[in-house]
Amino acid sequence: MTPKIFLSKSEKQTRQIAARWGKRLKPLDVVCLYGPMGSGKTTFAQGIAQGLGFRGRAVSPTFNLIREYRIKEGILYHLDLFRIDSSDLNQLGLEDYFSDPYGICVIEWPECAVGWLPKDRLEVYFSFAGFSNRKIRFS
């Protein structure tokens, strides 16, 4: 897959890019969001939720680790692994989320679970491109 790169100039635009892209996701897809803190990962996850038909406000699962959102065709699992210790990954049951035939997983800080991630996954990389601009690269 040839990487695609977008430049977002606002949170609203990041959500719009994610919503359009997210409409193509299907059950069993795993999306890994990489980037520094404040680079747009949660905003992008919110856009994916909107694109998949979630009508509420998706919020960061930082202190909950996982949030579940009912979407048109199943469940969106939004995981934030920033605060998870690698020894706790065993108890989290990641395989159950990855293998749910009705679930789509979006993971912030996937580098905290490298050995647990499925080989077949979508990766999105975020970087700063000025004060409010973000570069979003899909691969």
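Remember, it's a predicted structure, so these values are computed and weren't measured experimentally. (Residues numbered from 1 in each chain as written. Predicted model: local features only at pLDDT ≥ 70, side-chain atom pairs only at ≥ 80, totals over all residues. Heavy atoms only, no water.)

### A short note on a positive patch on the surface
Okay, step 1: A contiguous patch of positive charge, built from Arg-20, Lys-23, Arg-55 and Lys-72, is present on the exposed surface.
Okay, step 2: Checked against the element boundaries, Arg-55 lands in the loop between helix H2 (41-51) and strand E3 (66-71).
Okay, step 3: Of the residues examined, Arg-55 reaches a relative accessible area of 69% and is grouped as exposed. (Patch = residues over 30% accessible without salt bridge, like charges linked within 9 Å, V, L, I, M, F, W, Y side chains within 5 Å. Areas by Shrake-Rupley, 256 points an atom, 1.4 Å probe, with all protein chains shown as cover. Salt bridge = Lys/Arg side-chain N within 4 Å of Asp/Glu carboxyl O. Lys, Arg positive; Asp, Glu negative; His and termini not counted. Charge placed at Lys NZ, Arg CZ, Asp CG, Glu CD. Helix = DSSP H or I, 4+ residues; strand = E, 2+ residues; numbered from the N terminus. Buried < 20%, exposed > 50% of the residue type's maximum accessible area, 1.4 Å probe, protein only.)

### Here's the deal with the sheet that holds strand E1 (residues 4-8)
Okay, step 1: If you walk across this open sheet you meet the seven strands as E1-E7-E6-E2-E5-E4-E3, and the pairing is mixed. Only two strands of the sheet have a single neighbouring strand rather than two, namely E1 and E3. Shown here is a sheet whose adjacent strand axes are inclined to one another by a mean of 20 degrees, direction ignored.
Okay, step 2: When strand E4 (residues 74-80) meets strand E5 (residues 103-108), the two strands line up parallel, connected through six bridges. (Pairing = 2+ DSSP bridges. Axes fitted to C-alpha atoms, helices over the stretch in contact; angles between N-to-C directions.)

### Digging into unusual backbone geometry
Okay, step 1: One non-glycine residue, Leu-28, lies in the positive phi region at around 80 degrees.
Okay, step 2: Here Leu-28 falls in the partly exposed class, since its relative accessible area comes to 45%.
Okay, step 3: The phi dihedral of Trp-109 is positive, around 60 degrees, even though this residue is not glycine.
Okay, step 4: Mapped onto the secondary structure, Trp-109 falls in the loop between E5 and strand E6 (122-128).

### So, the nonpolar core
Okay, step 1: Within the largest apolar cluster, 22 residues are counted, with the highest numbers of intra-cluster contacts made by Trp-21, Leu-33, Phe-44, Ile-48, Leu-76 and Val-124.
Okay, step 2: Every element with two or more residues in this core is listed here: helix H1 (11-22), strand E2 (30-34), H2, E3, E5, E6 and strand E7 (134-138).
Okay, step 3: With four residues, H2 is the single largest residue contributor to this core.
Okay, step 4: Setting aside its immediate chain neighbours within four residues, Leu-33 contacts Lys-41, Phe-44, Ala-45, Val-106, Ile-107, Glu-108, Trp-109, Pro-110, Val-124 and Phe-126.
Okay, step 5: Counting 18 residues, the second-largest nonpolar core is a separate cluster that includes Leu-81, Ile-84, Ile-107 and Ala-113. (Core = buried A, V, L, I, M, F, W, Y, C linked by side-chain atoms within 4.5 Å. Contact = heavy atoms within 4.5 Å.)

### Observations concerning the packing of H1 against H2
Okay, step 1: Relative to each other, H1 and H2 sit at 45 degrees, their axes nearing to 7 Å. Of the possible angle classes, the one that applies to H1 and H2 is oblique. Handedness of the crossing formed by H1 with H2: right-handed. From H1, Glu-11, Thr-14, Arg-15, Ile-17, Ala-18, Ala-19, Trp-21 and Gly-22 reach across to H2, where they touch Thr-43, Phe-44, Gln-46, Gly-47, Ile-48, Gln-50 and Gly-51.
Okay, step 2: For the contact of H1 with H2, a count of residues per class yields six nonpolar, seven polar and two charged. (Parallel < 35°, antiparallel > 145°, perpendicular 65-115°, else oblique. Left-handed = near helix turned anticlockwise from the far one by under 90°. Nonpolar A, V, L, I, M, F, W, Y, C, P; charged D, E, K, R; others polar.)

Bear in mind that shape data such as this cannot, by itself, settle questions of function.
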